[in-house]
Amino acid sequence: MSESFNTLSQKAGMESGALIHVGNVLEIESTIFLVDYSQDTCIQKVITSIEELAAYKEKRSVTWVNIEGLKNVKLIESIGKMFNIHLLVLEDILNTHQRPKLIEDNNYLYIVLKALSLEGKEFSVNYEQISILVLDHFIFTFKEKKDDLFSPIYKRLDNSKGRLRTSACDYLTYSIIDMIVDMNFIILDALNLATDAIEDELLSNPIHETILNIQQIKRELIYIRRSVSPLRELITALLRSDTSLIKTETHVYFRDIQDHVLHIIEEIETYRDILTGLLDIYISSVSNKMNEIMKVLTIFASIFIPLTFFVGVYGMNFEYMPELKWKWAYPTLWASFILFASTALFYFKKKKWI
Amino acid sequence: MSESFNTLSQKAGMESGALIHVGNVLEIESTIFLVDYSQDTCIQKVITSIEELAAYKEKRSVTWVNIEGLKNVKLIESIGKMFNIHLLVLEDILNTHQRPKLIEDNNYLYIVLKALSLEGKEFSVNYEQISILVLDHFIFTFKEKKDDLFSPIYKRLDNSKGRLRTSACDYLTYSIIDMIVDMNFIILDALNLATDAIEDELLSNPIHETILNIQQIKRELIYIRRSVSPLRELITALLRSDTSLIKTETHVYFRDIQDHVLHIIEEIETYRDILTGLLDIYISSVSNKMNEIMKVLTIFASIFIPLTFFVGVYGMNFEYMPELKWKWAYPTLWASFILFASTALFYFKKKKWI
Amino acid sequence: MSESFNTLSQKAGMESGALIHVGNVLEIESTIFLVDYSQDTCIQKVITSIEELAAYKEKRSVTWVNIEGLKNVKLIESIGKMFNIHLLVLEDILNTHQRPKLIEDNNYLYIVLKALSLEGKEFSVNYEQISILVLDHFIFTFKEKKDDLFSPIYKRLDNSKGRLRTSACDYLTYSIIDMIVDMNFIILDALNLATDAIEDELLSNPIHETILNIQQIKRELIYIRRSVSPLRELITALLRSDTSLIKTETHVYFRDIQDHVLHIIEEIETYRDILTGLLDIYISSVSNKMNEIMKVLTIFASIFIPLTFFVGVYGMNFEYMPELKWKWAYPTLWASFILFASTALFYFKKKKWI
Amino acid sequence: MSESFNTLSQKAGMESGALIHVGNVLEIESTIFLVDYSQDTCIQKVITSIEELAAYKEKRSVTWVNIEGLKNVKLIESIGKMFNIHLLVLEDILNTHQRPKLIEDNNYLYIVLKALSLEGKEFSVNYEQISILVLDHFIFTFKEKKDDLFSPIYKRLDNSKGRLRTSACDYLTYSIIDMIVDMNFIILDALNLATDAIEDELLSNPIHETILNIQQIKRELIYIRRSVSPLRELITALLRSDTSLIKTETHVYFRDIQDHVLHIIEEIETYRDILTGLLDIYISSVSNKMNEIMKVLTIFASIFIPLTFFVGVYGMNFEYMPELKWKWAYPTLWASFILFASTALFYFKKKKWI
Amino acid sequence: MSESFNTLSQKAGMESGALIHVGNVLEIESTIFLVDYSQDTCIQKVITSIEELAAYKEKRSVTWVNIEGLKNVKLIESIGKMFNIHLLVLEDILNTHQRPKLIEDNNYLYIVLKALSLEGKEFSVNYEQISILVLDHFIFTFKEKKDDLFSPIYKRLDNSKGRLRTSACDYLTYSIIDMIVDMNFIILDALNLATDAIEDELLSNPIHETILNIQQIKRELIYIRRSVSPLRELITALLRSDTSLIKTETHVYFRDIQDHVLHIIEEIETYRDILTGLLDIYISSVSNKMNEIMKVLTIFASIFIPLTFFVGVYGMNFEYMPELKWKWAYPTLWASFILFASTALFYFKKKKWI
């Protein structure tokens, strides 16, 4: 998730409140999905114009509007006007390089989150910014991409006996955040597999790629933590705020999310420590390999270099070398060579080099 | 204790409050053990149906119900209904991947803990989640496994003169938590032995497995700390809460537990530092070994390679090599070889290489 | 941005309030640029004497005086007298070795910031201290250098329909700080490129210069963080202060800046971690290279040193060496040489050295 | 001070308040030393039975009872009954594996400390737990061992003009704690010597034992810090408490102790940093040594291996080797050998290898 | 500044308030310099007896008494009696192993500081403890050594138009502390030079002494930080205290000092990070050097060891070696030698070893 700030930096010095979509994902068309429910009814339909919402403003039922794709800046602008949303909040919805945060205004809460999902086979994480705008009996969610992230919630809303149908906006808000937070457990599962794979690799045959893998996962962990850990203060702020949009009886649910967040942060910290440990093992492996290479060299060299000297001696062409004429010189020499080599091997064995 | 979040991640998006047992240990059958005591009497028996508890709800005696094995979700559900427990708490009882925590409700306290025990011969720790539900004169404990963890407390309850028999629920709660916390000292003892073993290994013959052992213990330490350190805030929260379930005169006992927790955390930190030190010693040992190997190679090579050159010189077949005919050339050469070798050895001795 | 404290240390023991320009950049001449605007009019002009400001003191329009170049100490002094500014503040304006900070007085706010810009091709950051003095309907900005940093704001002020024209000093203050903070995103972009370049270098051909680059960027990060992170408390202090110069409805904008600052600090921390990871990869690369070098040496030496011994043996000049006369000795020797070499190569292959 | 928790872990599950002596030092017999003083008189005597204290309970003089040796559990128990001390406090007195802490009750303060002393010649620290029980005009001190730790205070009490004689229990408490804290300075002195010795060793001849020494001192530092740093909060708690046992005019003395504690903690931190630095120097030394070894090998090998090849060439037995017959071939070869060797040496000199 | 606690440890167990001079610097004679000033007059003179101060007690002018040399314990004692100073404060004045701290009493403030100065050519810092005792219209300063540290302030006091002459004790206190704090900038300048020198050394020719230099500066940094960083809380405590000795209008000046302190602490942290970076570069340099050495060895050995084998082959004395009789054998061999060497060199070039 290494971000490019090109667009952001181009904005430097511009009038704040100038609405521009800043981000990496640019959907061709925004789609608007509307869910309106009370205990008795539940309507789920795609709408094409934001004006259709006017009818729901009067009704006391809960209306959830999910907008996927942020290309249509006008759409965001008209929602802003219709529901009296601050320009800075609209800017934040369109800029997908936000830290998770909570903005509280008189008539609404604005929550930014990151939804994490796995991408491809390797351990590589995908980030999607999700903005939640909670009004009195309206909830807006803004997503970068078109996917079926929210479909489990749609299904639960269809069930007329579920808790969701009998509850207000705050419980729907909880359900959305809870689902996004719980998706991190899938990431942690994948992390577990990836770490195990590296450990196996380390024990069987550590190569230079192993350290690149370790570093790559470490880097992903940094990004995951950056997207999860601000949730801690976000929910604390939500619980401490005196907004009437979140009822006191729903607090226990948000506290449950906070427990999950703490659990996830702890897991991430644990994996960081484990990866650091794996790095130590890798470095130790490399040193051990070097030691082994040097041992082989040293054993061969220390045995044969002296022997080569001695055979060299008797290869000299001096006229007066008495040994050359001795009958048993040659076998004696061989005997001493074998003695020397055995002694050396015995010494290396004692030193545990062999 | 590397956890798999498979089940957890499958729950993402589900209605919260849908009771499912999440965990690694699945007992075939749940057993219910009931202890009912006052100063005069103490009944200890296995019951088969939760309905039998109805009779004890009226009585003013302390009733402790210990449920081992969490497979029977219906059982937990009916306790929830009978004693008016929040669905999220019931969910937490069944999900054994909890951080130690305290949930306070109007009529009960819910405490989650991890009981640690040693497994096998190597330093490997076993974790069991224990939930404690403290009501006015009822205590429920929920355990993952069937074992005799609580039998020392059962025995003390048999003794009619013990403090336990004359006290209310809060003292029993203290006794249970105190026992679970004190079990960590057994772990610390084993840790001490394991660390000593590694240290001996390091000083005698450090091998690559040593670093794997160090890392393995380091990892266990992370998990132990994760299961112990939240107890600090848990008990602080318990002491600060204005619940009437824990009487002020029992506070001194909980403060005593907190001292033990602090002691355990300090010990864990100390072992972390010691293991880091052992790692440094290991790395230094490997370097030293390498140095020694290289010294042997260098000594042999630097002495015999030059000598081999000189014997090679007199092995050349030039027609005009006057030295070859000199009578004393051969012994002179030997003398200079010995001189050179002695000088080199003396030099290496001075450099403390030998 | 390694600073020299020569001038600062010379001041030790001097009367505080003795105005001296302390810094590295010394402009030849200070220029004064005046912008005076209300909803209806907007005057932008260069003025030559500070006395011209007297006329604007009466008017209720917002007057922004931007002074570039700090050589003219008298100028700062006369502004100090005219607007009743504390001597220590004037000293701080002239001393460009300040930490970003906020000083609050009865009638004005004094804010010091660092504007960062890129210099040259390599990743090298330039720092300029900018002092902002916010009075009732006057704003002074003091810059070290002459550049067009503020020209985007000048342009926006020309536009009579912009929010700036209808707002008071506080919104202009926000606009200036926002622009300076957002310039950091340009730095982060360059940082991203520089880190990627190092990573590519590491993977293709790690050389000693790579580590120098890593360290150089790490050092720049330290300086960037030093100039950014105090902004966090600065804006917190601004929001908590009970000054009437910043209206409550402008708070939301300053909170937005604070989000940006948090984002920037997080990015810097992330890059620190990434660079540490790159360092680990570099060190691992160097070890791997060494291993490879040693492998080549060991393979050649372990094969040919023993062989050389054997050819040496049959180069000896003993009179009684029966093998020398055998007809098949020479080809047999070659065969055993090839056998030995193959065995060795096979062994190295099995050890994954080749 | 690596502790064994055997006894502690055996206690897991036992009735709290069951008095057992837990610790490593078991004195044969407890001795009771009584000091009773007011401005006029000072009695110092050994008493044999705790019942003798009854007489002093009535008197308004300060009575200090120092008990050395904790084997006599009955003794502690009867003091507990006589002065109405909580069972948990009595347990803590007997268990010598306590963290330094303060327990405040209605009628007394209970303070646990560790007195540090040096043991033997090497830098090895001895720990003794000292419990102080401060009552209205009674002070009990409980020591593990029999030694003359308190004799300087006994002597000062003999002097009728000292501040101690005119003061109440709180000043005696201060004097005792102050003395125990100041004993750490002796440890720091020894630490200074030990660190200097290691540094000298590192600069002259670093061997593998050096790193063991560094780690051993590092480990002692961990234990020292564990016994000192809790004193910080202990005294803060003492100063904040609203107990009437410590008068406000004595607070300045306890603040003085706190300054000493801060000083000691700072020193310990400094030594930690210094030892880490020494470790870096050691690792660098080992690398340098390796470099030097390899240089010697490389110089010898790179000069003589090529030369040996050339002498080998002219040792070949080809029939048609024209050089062998040239008259000046042999001296020419020698000349070129010397030229090659000089060039190589010059090259190594330029590379600063020689 | 490694301190010896000999004297301190000897004091363990002594009556507190027993005045003894503890420190490393023992001046032969204390000198007393008196400055008495009001707006109109300024007397500066050396006095010989403390009794002369009596006259100034009545006057409303500011009286500054600077005592250099702490040998004369009687002098300190009589000041203590005359101005009613607590014994513990007098003890602290005489003990020059204090952390910077503030003690507030009814009628005076006691401030301890460390003045840093450079010693010799190498980067080595000298520490002097300076105690400041601020009374109603009296200031005492106690210095360990005789030097002209305060002469710039004496000069400024001579100038009847300076702010000092018209201000009370608090502004003089500020001026003294400000000067002592600002002296750190001189240290930072020297630190900058020392770090640059090490960096140059690292890039040109890193030797083992380089790491000793790095460690030595790192150690000095620890001591500098220890003497500077407590100033932060000291001044915070001063500003928060409700003493009447420091007037509210002087607070802005003390806040200015605090900015300087923060700046100095930040610089020290930066230098720590830079030195850690230099250490990494050093370690990398050593590894690179090793790599280079090994490359030279490997290139020479891998080329010439195989060649030597082949020349050895044709040096064998077998009777039946057909090649020896071939006419073109010798030149063919040379050709293949050159081919082999070229191939090897090409391979090493491709691997970027040459």
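This is a predicted model, so every value here is computed, not measured.

A. Representation of the overall build of chain A within the structure. If you tally the helices and strands in chain A, you get 11 helices and seven strands. Against the 2.2 N^0.38 benchmark of 20 Å for 354 residues, chain A shows a C-alpha radius of gyration of 35 Å, more extended than a compact globule. Projecting the C-alpha coordinates of chain A onto the three principal axes gives extents of approximately 120 × 45 × 35 Å. In chain A, which comprises 354 residues, the share counted as buried stands at 42%. Restricting the contact set of chain A to residue pairs at least 6 apart, pairs at least 24 apart contribute 70%.

B. Fine view of the interface of chain C and chain A. With 53 residues of chain C at the contact, the number on the chain A side is 49 residues. Secondary-structure elements contributing two or more residues to the side of chain C that touches chain A are helix 5 (151–158), helix 7 (169–204) and helix 10 (251–313) of chain C. Here the residues of the side of chain C that touches chain A are counted per class, giving 24 nonpolar, 16 polar and 13 charged.

C. Region of the structure containing the packing of helix 7 (residues 169–204) of chain D against helix 8 (residues 208–228) of chain D. Residue and element names in this part refer to chain D. One way to put it is that helix 7 packs onto helix 8 with a least axis distance of 11 Å and a crossing angle of 160°. Taken as axis vectors, helix 7 and helix 8 run roughly antiparallel relative to one another. Viewed along their axes, helix 7 and helix 8 form a crossing whose handedness is left-handed. In contact with Asn184, Ile187, Ala194, Ile198, Glu201 and Leu202 of helix 7, helix 8 contributes Thr210, Asn213, Ile214, Ile217, Ile224 and Val228. In terms of residue class, the contact of helix 7 with helix 8 is built from eight nonpolar, three polar and one charged.

D. Spotlight on the nonpolar core. One finds Ile139 of chain A, Ile139 of chain B, Ile139 and Leu278 of chain C, Ile139 of chain D together with Ile139 of chain E to be the most contacted residues of the largest nonpolar core, which totals 400 residues. Contact partners of Ile139 of chain D, with chain neighbours within four places excluded, come to Trp64, Ile132, Leu133, Val134, Cys169, Leu172 and Thr173 of chain D.

E. Structural context of the relation of the copies chain C and chain A. Once chain C is rotated about the relating axis by 72° and shifted along it by 0.1 Å, it coincides with chain A to within an RMSD of 0.1 Å. Taken together, the turn and the small shift mark the pair as related by a five-fold rotation axis. In terms of proximity to the rotation axis, the leading residue of chain C is Gly315 of chain C, whose C-alpha is 4.5 Å off the axis. The overlap is low: 17% of the interface residues of chain C also sit at the interface in chain A, so different surfaces are used on the two sides.

F. How the structure looks around the sheet that holds strand 4 (residues 101–104) of chain E. All names here are of chain E. Taken together, seven strands build an open sheet; the order of strands is 2-1-3-7-6-5-4 and the sheet is mixed. Strand pairing shows two members of the sheet lacking a second neighbour, strand 2 (42–47) and strand 4, which therefore form its edges. Between one strand and the next, the sheet's axes are offset by a mean angle of 20°, whatever the strand orientation. Both strand 1 (residues 31–37) and strand 2 contribute to a ladder of six bridges, which runs antiparallel. For Asp36, the partnering residue across the bridge sits in strand 2 and is Ile43.

G. The arrangement of unusual backbone geometry in detail. Residues and elements named next belong to chain D. Phi at Lys352 is positive, roughly 60°, even though this residue is not glycine. Residue placement: Lys352 occurs in the segment after helix 11 (329–350). Residue classification places Lys352 among the exposed residues on the basis of 10 C-beta atoms within 10 Å.

H. Highlighting the sheet that holds strand 4 (residues 101–104) of chain C. All names here are of chain C. As summarised here, the arrangement of the seven strands in space is 2-1-3-7-6-5-4, forming an open sheet in which the pairing is mixed. A single partner strand is all that each edge strand has here, and the edge strands are strand 2 (42–47) and strand 4. Taking the axes of each pair of neighbouring strands and ignoring which way they run, one obtains an average angle of 20° across the sheet. Pairing between strand 4 and strand 5 (residues 109–118): four bridges, direction antiparallel. The residue bridging Lys101 from the neighbouring strand is Val112, located in strand 5.

I. Geometry of the environment of Leu70 of chain E. When you line up the elements, Leu70 of chain E lands in the loop between strand 3 (62–68) and helix 3 (73–83). Along the sequence, Leu70 of chain E and Glu29 of chain E sit 41 residues apart, while their C-alpha atoms lie 8.0 Å from each other.

J. Broad picture of the pairing of strand 3 (residues 62–68) of chain D. Residues and elements named next belong to chain D. Across the seven residues of strand 3, six count as buried, placing the element largely inside the fold. In this sheet, strand 3 lies alongside strand 1 (residues 31–37) in antiparallel orientation, the contact comprising seven bridges. Bridged to Asp36 within strand 3 is Thr63. When strand 3 meets strand 7 (residues 138–143), the two strands line up parallel, connected through six bridges. Counted as the bridge partner of Thr63 is Phe138 from strand 7.

K. Examining the domain arrangement of chain A more closely. Partitioning chain A into domains gives domain 1 (6–284) and domain 2 (292–350). Each of domain 1 of chain A and domain 2 of chain A has a C-alpha centre, and the two are 75 Å apart.

L. Representation of helix 4 (residues 87–94) of chain D. Residues and elements named next belong to chain D. Within helix 4, six of the eight residues are buried, which leaves the element mostly enclosed by the surrounding structure. Taken together, the buried positions of helix 4 are occupied by Val89, Leu90, Glu91, Asp92, Ile93 and Leu94. Where helix 4 is buried, its residues meet helix 3 (73–83), strand 4 (101–104), strand 5 (109–118), strand 6 (125–134) and strand 7.

M. Spatial organisation of helix 8 (residues 208–228) of chain E. Relative to the 30 Å expected for 21 residues at 1.5 Å per residue, helix 8 of chain E spans 31 Å between its end C-alpha atoms, a close match to the ideal helical length. Taken together, the buried positions of helix 8 of chain E are Thr210, Ile211, Asn213, Ile214, Gln215, Ile217, Lys218, Glu220, Leu221, Ile222, Ile224 and Val228 of chain E. Next to the buried residues of helix 8 of chain E lie helix 10 (251–313) of chain D together with strand 5 (109–118), strand 6 (125–134), helix 7 (169–204), helix 9 (230–240) and helix 10 (251–313) of chain E.

Rules used in this analysis
Residues numbered from 1 in each chain as written. Chains lettered and ligands numbered in written order. Predicted model: local features only at pLDDT ≥ 70, side-chain atom pairs only at ≥ 80, totals over all residues. Helix = DSSP H or I, 4+ residues; strand = E, 2+ residues; numbered from the N terminus. Rg over C-alpha atoms; globule rule 2.2 N^0.38 Å. Buried ≥ 20, exposed ≤ 12 C-beta atoms within 10 Å, placed from the backbone. Contact = placed C-beta atoms within 7 Å. Nonpolar A, V, L, I, M, F, W, Y, C, P; charged D, E, K, R; others polar. Axes fitted to C-alpha atoms, helices over the stretch in contact; angles between N-to-C directions. Parallel < 35°, antiparallel > 145°, perpendicular 65-115°, else oblique. Left-handed = near helix turned anticlockwise from the far one by under 90°. Core = buried A, V, L, I, M, F, W, Y, C linked by C-beta atoms within 7 Å. Least-squares fit on C-alpha atoms with pLDDT ≥ 70 in both. Pairing = 2+ DSSP bridges. Domains from an automatic or database assignment. Expected span 1.5 Å × (residues − 1).

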